[in-house]
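Inside the fold
One letter stands for each residue in the lines below.
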Amino acid sequence: MTTLDDILNAPHPASDWILAQDCAETGLHPDDIRAEMLRRICEMRASIERGLSSDARSITGMVGWNAKGLWDAPDALGAPLLRRVQAYAMAVNEENARMGRIVAAPTAGSAGTIPGALIGVADHLGIPDERLVSPMILAAGIGKAISKRMFISGAAGGCQAEIGSSAAMAAAAIVELMGGTPRAAVHAASMALMNTIGLVCDPVGGYVEVPCVSRNAFYAVHAVSAAQLALAQLESFIPPDEVLGAMASVGRMMPAALRETADGGLAQTPTGLAVTARMEGRKEGEGPGGMIELPLA
Ligand code: SF4
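Residues numbered from 1 in each chain as written. Predicted model: local features only at pLDDT ≥ 70, side-chain atom pairs only at ≥ 80, totals over all residues.

- Going by the annotation in an unreviewed UniProt entry, the name recorded for the protein is L-serine dehydratase, with Deinococcus indicus given as the source organism.
- Looking at the Pathway (unreviewed entry) heading of the UniProt record, one finds this comment for the protein: "Carbohydrate biosynthesis; gluconeogenesis."
- The UniProt entry for the protein carries the following text under Sequence similarities (unreviewed entry): "Belongs to the iron-sulfur dependent L-serine dehydratase family." (UniProt positions renumbered as here; feature names shortened; annotations may be inferred.)

1. Regarding the overall build of the protein
- Within the protein one finds 13 helices and zero strands.
- Reading the helices (α) and strands (β) of the protein from amino to carboxyl end gives α-α-α-α-α-α-α-α-α-α-α-α-α.
- Against the compact-globule benchmark of 19 Å for 297 residues, the protein has a radius of gyration of 19 Å, which places it among compact chains.
- In terms of its C-alpha atoms, the protein occupies a principal-axis envelope of roughly 60 × 40 × 40 Å.
- For the protein, the residues scored as buried account for 49% of the 297 residues in total.
- Look at the contacts in the protein between residues 6 or more apart in sequence, and 79% of them connect residues 24 or more apart. (Helix = DSSP H or I, 4+ residues; strand = E, 2+ residues; numbered from the N terminus. Rg over C-alpha atoms; globule rule 2.2 N^0.38 Å. Buried ≥ 20, exposed ≤ 12 C-beta atoms within 10 Å, placed from the backbone. Contact = placed C-beta atoms within 7 Å.)

2. Let's talk about the site of the ligand
- Lining the immediate surroundings of the ligand are 14 residues, of which Gly109, Gly154, Cys159, Cys201 and Cys212 lie closest.
- Sorting the residues of the shell around the ligand by element identifies α9 (159–177) and α11 (212–231) as the ones contributing at least two each.
- Among the residues forming the shell around the ligand, the class breakdown is seven nonpolar, three polar and four charged. (Near = placed C-beta within 6 Å. Nonpolar A, V, L, I, M, F, W, Y, C, P; charged D, E, K, R; others polar.)

3. Focus on the nonpolar core
- Core analysis: the largest hydrophobic core is formed by 90 residues, its most contacted members being Ala170, Ala171, Ala172, Ile174, Ala188 and Ala223.
- The leading source of residues in this core is α9, at 13 residues.
- Excluding its chain neighbours within four sequence positions, the residues that come into contact with Ile174 are Ala117, Leu118, Val121, Ala223, Val224 and Ala227. (Core = buried A, V, L, I, M, F, W, Y, C linked by C-beta atoms within 7 Å.)

4. Considerations on the environment of Asn216
- Among the structural elements, Asn216 can be located in helix α11.
- Residue class for Asn216 comes out buried when judged on the 32 C-beta atoms lying within 10 Å of it.
- For the pair formed by Asn216 and Ala117, sequence separation is 99 residues and the distance between their alpha carbons is 9.6 Å.

5. Re helix α3 (residues 30–53)
- With 24 residues, α3 extends 35 Å from end C-alpha to end C-alpha; this agrees with the ideal 34 Å at 1.5 Å per step.
- Within α3, the full set of buried residues consists of Met37, Ile41, Met44, Ser47, Ile48, Gly51 and Leu52. (Expected span 1.5 Å × (residues − 1).)

6. Structural notes on the environment of Val213
- Inspection of the secondary structure assignment puts Val213 in helix α11.
- For Val213, a count of 26 C-beta atoms within 10 Å gives the class buried.
- Put simply, Val213 and Gly64 are 149 residues apart on the chain and 9.1 Å apart in space, counted from C-alpha to C-alpha.
- Setting aside residues up to four positions removed in sequence, Val213 forms contacts with Val63, Asn66, Met90, Asn93, Glu94 and Ala97.

7. Examining helix α2 (residues 14–26)
- Helix length check: α2, at 13 residues, gives a terminal C-alpha distance of 18 Å against a target of 18 Å (1.5 Å per residue), a fit within 8%.
- Residues of α2 that are buried include every one of Ala14, Ser15, Trp17, Ile18 and Leu19, and no others.
- Tucked inside the fold, the buried residues of α2 contact α1 (4–8), α3, α7 (133–149), α9 and α10 (182–194).
- Looking one or two places after α2, you find Gly27, whose phi comes out positive at around 80°.

8. Structural notes on the UniProt feature "domain: Serine dehydratase-like alpha subunit" (unreviewed entry) in the protein
- Taking the UniProt record as the reference, the feature "domain: Serine dehydratase-like alpha subunit" (unreviewed entry) is found at residues 19–267.
- Within the segment residues 19–267, helix and strand shares are 63% and 0% respectively, and the terminal C-alpha atoms sit 41 Å apart.

9. Some words on unusual backbone geometry
- Along the chain, His12 connects to Pro13 via a cis peptide bond; the corresponding omega equals 0°.
- In this fold, Pro13 is placed in the loop between α1 and α2.
- Going from Val210 to Pro211, the amide bond is cis rather than trans, its omega being 15°.
- Within the fold, Pro211 resides in the loop between α10 and α11.
- In this model, Met99 sits at a positive phi of 70°, which is unusual for a non-glycine residue.
- Unusually for a residue other than glycine, Glu260 sits at a positive phi of about 70°.

Have a look at this one:
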């Protein structure tokens, strides 16, 4: 079983070591794995482009215009990387909410974090998609190491498991993209994880929309922050595999109400309950007609 520590001690670049492990496990040729990874990066990019150009609402009416709204708005803070990362992440998750095609990475709910962070940074710096293949292979290796030790779904371990995993994968990928060492990449992942511990999964109405769309924007930025710290040689005080153990432990302690059941947190606010009632009402008799009116837009 590959651990984060194994990746940390792998030769540079860690993606080559992970690719060799994958080839040995699956019998696939490295060129085929690389080609498939590039295809997925292209799918991620396509979902970003669709999401940035659409303001069509999801079936619940809760989301759908946020990515385009941010992308079209003036850069109020003079922070183009921040705005790009946030808009890309929300674009993918709004596509998901509209039932569009996305790459689950590692889940559909967290599908915007890696494209937002990694493709956002790459576009900001003018780096072509072909150079994202190796960082994505490292991200996959980090995700696999996490999944062996911890949960990666909100239903199993809360949003910390879902978004925490995607942010960790993205953080490590950015470090490799920028030429950082395997040690720095794994410490970026670890810092992303340790600063996500405790995040609950409380989707309003049980739909992967609120807080999920904006959460991907926030945690894509979180991944960039972790990568920035690691590239400056900052490290996770708690060793990476111990962080994973702590996160798994918190996940096991988390009540079912905070694990995607919509029985707690934001889902149980008056607005959250109103959404649930309206959606249930429509399912029972109103048909798929007009958009639900919500005080959220
Ligand atoms: S709140 Fe739950 S459904 Fe939404 S992104 Fe987080 S884990 Fe996924």
